[in-house]
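Survey of secondary and tertiary structure
As a plain string of letters, each chain reads:
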Amino acid sequence: MNQILIIEDEEVIRRAVKRLLERNGYQITEAGSVEEAQSSPLASFDLIISDVRLPSAPGTQIIEAAAPVPVLIMTSYASIRSAVDAMKLGAIDYIAKPFDHDELLIVVERIIKQDRQLRQQEFLKSEVDKSYPVRGMIGDCPAMIDVFKRIDKVAPTDATVLILGESGTGKELVARALHEKSQRSQSPFIVFNCAAVPENQVEIELFGHQNEGETRRGGLLAKAHGGTLFMDEVGELSMAAQARLLRVLQGDDYSAQQETSNSGPNIRIIAATHRDIRKLVQQQTFRSDLYFRLRVVEMTLPPLRERGSDIKSLAKFLLTKYCRQLNRPSLSLSRSALEAIRRYHWPGNIRELANTIERAVILCEGDHITPQLLAIDHHITTKRMDSNNPADNLSLEEYFRHFVLDNQDHMTETELAKQLGISRKALWERRQRFGIPREKKGKKS
Ligand SMILES: Nc1ncnc2c1ncn2[C@@H]1O[C@H](COP(=O)(O)OP(=O)(O)OP(=O)(O)O)[C@@H](O)[C@H]1O
């Protein structure tokens with residue numbers, strides 16, 4: 001409930017204004033003078049309404065003392081002069097007595113709404129402008145401070161880096177930061193998504209085409225010459241491609257040398273995977289020698305649910321970003337929406353949070369985002385948090401499979417992808433990879 005302080009020495013007027021505002025849902029505190037008003041905690045009010053002419057000190061004295069709380073000045077006669085003086089001293093507005101009820105209510109409502117928006121905008125601006133060590137990468141929690149420190153240390157070296165972390169935790173963002181903060185920043189940063197290319201195309205993509213008797217050309221290794229090659233989802237590489245990559249990293253792949261330079265490929269490799277790569281090594285689906293080559297430096301990004309108050313800062317940052325992008329006036333997140341965001345498990349991490357906020361901004365018709373607009377499925381959270389639930393022990397892959405199979409009958413592909421925090425293309429790819437392709441309608445038994 002909005003709190004208003006009324007400073008007026010004429011009791012009849014003060015009581016009348018009080019009754020009117022209370023009937024309209026405001027909580028009122030009264031004072032007969034500036035001195036009496038100052039015995040209340042001024043910062044706790046949403047608005048102060050004060051008469052100008054008061055015993056001892058004029059009402060305008062409260063303006064500075066209460067800042068940044070807005071002060072609406074009442075003038076006992078329509079004196080433009082005292083109103084102008086009050087405005088010069090920082091009053092938010094003035095109203096001339098006698099005023100009718102509706103006039104006062106409209107002014108009060110407008111001031112409180114505008115002031116709330118202004119404070120929200122200022123808060124968001126300070127969040128957005130806050131300089132984080134990596135541009136556009138929000139994070140203050142200890143694990144992220146550690147990540148930033150590592151980026152600064154490792155970026156200037158040519159060390160191969162292996163970035164681990166669940167889907168959507170910012171692995172590509174970190175890879176880009178490593179490149180931008182390195183001496184290679186003026187050369188290309190090439191992304192190769194090992195999962196998005198059919199197995200038999202991986203080698204051609206990386207190493208290029210070669211017809212018999214011709215020099216090999218056109219591969220991403222050549223394109224990344226002098227710069228950085230970011231190999232996303234490296235855990236998906238076939239054994240043949242892994243063997244080839246290992247030879248490149250050891251500097252003894254002759255064709256890679258041929259297409260890049262005489263002295264060997266001048267490329268920094270950064271790799272990433274959301275998979276448990278040590279398990280892949282144990283299962284012998286990922287070469288241990290390649291793993292050791294890649295993890296000269298290893299960085300693990302924490303999942304969003306373990307980032308404490310970063311979740312709130314990220315939500316607000318993303319809200320501002322999408323309001324700007326979608327040309328919407330500033331919106332705020334209601335307290336219950338923030339609480340819903342804090343409690344949710346976020347299996348798709350920051351990408352899922354970004355999708356959720358973007359959708360809410362598009363659908364929002366008021367000036368704040370409610371939990372309903374976020375449409376967070378707490379069923380997922382409950383399932384994951386319940387320690388007696390076998391879902392606790394699911395790997396991300398099993399979790400994906402369960403989620404898709406449980407929900408595909410009542411969700412569209414777009415809804416499934418949004419809930420999982422991945423693109424429709426990634427959903428399609430993972431369906432193929434995990435052997436659960438979307439069945440055509442009517443084919444189900
Ligand atoms: N700390 C952060 N601050 C702001 N935005 C972030 C942060 N981390 C990630 N993002 C944003 O979240 C989205 C997903 O990040 P990114 O693609 O880097 O994740 P990823 O771990 O590489 O995902 P995947 O494993 O699915 O490839 C991007 O839009 C990125 O800009």
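Structure: see above.
Below is a summary of the structure that appears in this document. Quick caveat: nothing in here was measured; it's all calculated off a predicted structure. (Residues numbered from 1 in each chain as written. Predicted model: local features only at pLDDT ≥ 70, side-chain atom pairs only at ≥ 80, totals over all residues. Heavy atoms only, no water.)

1. Overview of the site of the ligand
Around the ligand there are 17 residues in total, and I138, G168, K171, E172 and R351 lie nearest to it. One nitrogen or oxygen atom from the side chain of K171 is found 2.7 Å from an oxygen atom belonging to the ligand. Between the ligand and the protein, one listed contact pairs an oxygen atom with a backbone N or O atom of L173 at 3.1 Å. Compared with its free state, where it exposes 630 Å², the ligand has 85% of that area covered by protein. According to the grid-proximity analysis, the pocket containing the ligand is the largest pocket. For the shell around the ligand, the leading source of residues is helix α7 (residues 171-180), giving 3 residues. Its residues assigned to classes, the shell around the ligand shows 5 nonpolar, 5 polar and 7 charged. (Near = heavy atom within 4 Å. Polar contact = N/O pair within 3.5 Å; in protein donor to acceptor, adjacent residues only side chain to side chain. Areas by Shrake-Rupley, 256 points an atom, 1.4 Å probe, with all protein chains shown as cover. 1 Å grid on protein atoms, 1.4 Å probe; cavity = no way out; pocket = protein on both sides within 12 Å on 5 of 7 lines; lining within 4 Å. Sits in = over half its atoms within 2 Å of the grid points. Helix = DSSP H or I, 4+ residues; strand = E, 2+ residues; numbered from the N terminus. Nonpolar A, V, L, I, M, F, W, Y, C, P; charged D, E, K, R; others polar.)

2. Details of the nonpolar core
Ranked by size, the top nonpolar core spans 31 residues in total, and within it F192, L229, M231, V234 and F286 carry the most contacts. Sorting elements by how many residues they give to this core places helix α10 (residues 239-249) first, with 5 residues. If sequence neighbours within four positions are ignored, V234 has contacts with L162, C194, A271, A272, T273, I277, F286 and L294. (Core = buried A, V, L, I, M, F, W, Y, C linked by side-chain atoms within 4.5 Å. Buried < 20%, exposed > 50% of the residue type's maximum accessible area, 1.4 Å probe, protein only. Contact = heavy atoms within 4.5 Å.)

3. Thoughts on empty space enclosed by the protein
On inspection of all chains with the given rule, the structure shows 2 cavities of 30 Å³ or more. A volume near 50 Å³ is recorded for the second largest cavity. Taken together, 11 residues make up the lining of the second largest cavity; nearest its centre are E352, T356, R359, A375 and Q419. Of all the elements in the fold, those that place two or more residues in the lining of the second largest cavity are α16 (349-363) and α20 (413-420). (Points joined across faces, edges and corners; volume = space filled by probe spheres on them.)

4. Some words on the pairing of strand β5 (residues 93-96)
The two faces of β5 differ: D93 and I95 on one face are buried, but Y94 and A96 on the other face are not. Of the strand pairs in this sheet, strand β4 (residues 71-75) and β5 are connected by 4 bridges, and their pairing is parallel. Pairing of T75 across the sheet is with A96, part of β5. (Pairing = 2+ DSSP bridges.)

5. Thoughts on the layout of surface pockets
Approximately 850 Å³ is the volume found for the largest pocket. Every element with two or more residues in the lining of the largest pocket is listed here: α7, β7 (189-193), α14 (310-325), α16 and α21 (424-433). A per-class count over the lining of the largest pocket returns 14 nonpolar, 9 polar and 12 charged. Counting residues domain by domain, the lining of the largest pocket receives three or more from each of domain 2 (142-302) and domain 3 (306-433). (Domains from an automatic or database assignment.)

Keep in mind these numbers describe shape, not what the thing actually does.
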